Amino acid sequence: MPPCWSSESSRTFVVAEIGQNHQGSLSTAKQMIKAAKECGADCVKFQRSNLAEKFTVSALARPYTGPNSWGRTYGEHKAWLEFSSNEYRELQRFATDHDIVFTASAMDAASFRELEEQLRVPFIKIGSGDADNVPLLRYAANHTIPLIISTGMLDWDQVCSIYTQFRHREDVALLHCVSSYPTPPGDIMLRMIPLLRAHFPELTIGYSGHELGIQHSVASVALGAKIVERHFTLDKAWKGTDHQASLNPAEFGRMVRCIRAIENDVPIDASALIDRLREVLQGEDLDELELLAALKEINPHHRQLLECERPCYNKLGKSLVYASDLNCGTVLTESNVQVKVSEPKGLSPRLYDSVVGRTVKCAVFKDDPILMQHF
């Protein structure tokens, strides 16, 4: 199927990331879909997780009793926020009835298969937490469904690795992203968008923003972003960690109107950008000092795990773990290794190929993190 976006089109594909801001309520999720459509979004996106495939048992069992919790443990919290397959089908029908594209991020391989084979969404998002998930990326590369991949928490070499894997595809988009909620202006690095366009011309380049306000997202379009994704909420005071960095309907609507006003412009350089934004943004939406901070000069090696991203990495960064109990002397095969959010953390998923084929020198157990001292 052709992608919903095009690197050649003058129209920006705008995604309202509902994620799990629906509070676990099907009714609220429908209200959000309807509101996103009224704001001018082209697409609503949720997050699909198979909890046993995404998290280890210990990660699900850890206490989670803060003000944003929906359960005593992290597993109970996540289960509260997760819709069933039938509920996803109901939301998909509701979105179709309201003429807006429906999709979700696949937070694990089982969810990828469900979205592709059962829900048959028009594209799948691979979020920053899985952008170094070697087996998931390989699985996706061997399938034909269009993809959007975010680049938060990655270093430049990892971004290049994604490009190498997908450069032959015309239906893959790469989003500049900083995984910090909200992202400080000095860490937004908007010039990464023209940098990605120059280095990876075969891919569609876009922007997934987690900053406060709308100016940086609008600016990303002026710099060449063909996709803009922002988290969406009906009320920033709701319980949950994403609401503060989300846009409410009034903000989202203003952002879409400003994007539509400039998306037919030829991409401009950063020096002319502020003058152009003065013409389209309302006074409350323009802060020139913060915009200048986001437009600082960068080079490819500024794309690394940033300090502002470390809390997200510590919470949701994935690790290599054992898929089953194994005896001492077992030679690891691909079937023995999984990628999950682990508590405590193990080796990075980017080391997947260097782990497969190694011999474990001790007995290990299902969901244990894989560590170098095991070899």
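These numbers come from a predicted model, not from an experiment.

A closer look at the overall build of the protein chain
- Looking only at helices and strands, one finds 15 helices and 10 strands in the protein chain.
- The C-alpha radius of gyration of the protein chain comes to 20 Å, within 12% of the 21 Å expected for a compact globule of 375 residues.
- Taken over the C-alpha atoms alone, the protein chain extends approximately 65 × 45 × 40 Å along its principal axes.
- If you take every contact in the protein chain between residues at least 6 apart in sequence, the share linking residues at least 24 apart comes to 70%.
- Here the protein chain has roughly 15100 Å² of accessible surface; of this, 51% comes from carbon and sulfur atoms.

Some details on the UniProt feature "domain: AFP-like" (unreviewed entry) in the protein chain
- The feature "domain: AFP-like" (unreviewed entry), as annotated in UniProt, sits at residues 319-375 in this numbering.
- Helix and strand shares over residues 319-375 are 7% and 14% respectively, and the end C-alpha atoms of the span are 17 Å apart.

Examining the nonpolar core
- Residues Val-44, Phe-46, Leu-147, Ile-149, Leu-190, Phe-252 and Met-255 are the most contacted members of the largest nonpolar core, which totals 85 residues.
- It is helix H1 (residues 26-39) that contributes the most residues to this core, seven residues altogether.
- Not counting chain neighbours up to four residues away, the residues in contact with Val-44 comprise Ala-16, Ile-18, Ile-33, Ala-36, Ala-95, Ile-100, Val-101, Phe-102 and Thr-103.
- Counting residues in each nonpolar core, the second largest holds 14 residues, with Tyr-322, Val-339, Leu-347 and Phe-375 among its members.

Observations concerning the packing of aromatic side chains
- The final tally for this structure, using the stated rule, is 14 aromatic pairs.
- Measuring from centroid to centroid gives 6.0 Å for Phe-13 and Phe-123, while their planes differ by 75 degrees, and the two rings are edge-to-face. Taken together, the residues Phe-13 in strand S1 (residues 13-19) and Phe-123 in the loop between helix H6 (109-119) and strand S4 (124-126) connect sequence positions 110 residues apart.
- A centroid spacing of 5.6 Å and a plane angle of 90 degrees characterise the contact between Phe-112 and Tyr-139, whose relative ring orientation is edge-to-face. Separated by 27 residues along the polypeptide, Phe-112 in helix H6 and Tyr-139 in helix H7 (residues 134-141) bring together distant segments of the chain.
- Taken together, the ring pairs in this structure connect Phe-46, Phe-83, Tyr-88 and Phe-102 into an aromatic cluster.
- Over the face of the ring belonging to Tyr-74 we find Arg-62, whose NZ or CZ atom lies 4.5 Å from the ring centre.

Observations regarding the environment of Met-189
- When you line up the elements, Met-189 lands in the loop between strand S6 (172-177) and helix H9 (192-199).
- Once residues within four sequence positions are removed from consideration, Met-189 is found in contact with His-176, Val-178, Ala-294, Lys-296, Ile-298, His-302 and Leu-306.

Notes on the environment of Met-372
- Take Met-372: it is sitting in the segment after helix H15 (352-355).
- On the basis of relative accessibility, which here comes to 41%, the residue Met-372 falls in the partly exposed class.
- When the C-alpha atoms of Met-372 and Val-360 are compared, they prove to be 9.5 Å apart, with 12 residues separating the residues in sequence.

Examining unusual backbone geometry
- In this structure, the amide linkage connecting Tyr-181 to the following residue, Pro-182, adopts the cis form with an omega of 0 degrees.
- Assignment of secondary structure puts Pro-182 in the loop between S6 and H9.
- The residue after Glu-343, namely Pro-344, is reached through a cis peptide bond having omega 5 degrees.
- Within the secondary structure, Pro-344 sits in the loop between strand S10 (337-340) and H15.
- Here the phi dihedral of Arg-120 falls at roughly 50 degrees; this positive angle occurs in a residue that is not glycine.
- Within the secondary structure, Arg-120 is located in the loop between H6 and S4.

Here is what the cut-offs are and how they apply
- Residues numbered from 1 in each chain as written.
- Predicted model: local features only at pLDDT ≥ 70, side-chain atom pairs only at ≥ 80, totals over all residues.
- Heavy atoms only, no water.
- Helix = DSSP H or I, 4+ residues; strand = E, 2+ residues; numbered from the N terminus.
- Rg over C-alpha atoms; globule rule 2.2 N^0.38 Å.
- Contact = heavy atoms within 4.5 Å.
- Areas by Shrake-Rupley, 256 points an atom, 1.4 Å probe, with all protein chains shown as cover.
- UniProt positions renumbered as here; feature names shortened; annotations may be inferred.
- Core = buried A, V, L, I, M, F, W, Y, C linked by side-chain atoms within 4.5 Å.
- Buried < 20%, exposed > 50% of the residue type's maximum accessible area, 1.4 Å probe, protein only.
- Phe/Tyr/Trp six-rings, centres within 6.5 Å; stacked < 30°, edge-to-face > 60°.
- Lys NZ or Arg CZ within 6 Å of the ring centre and 35° of its normal.

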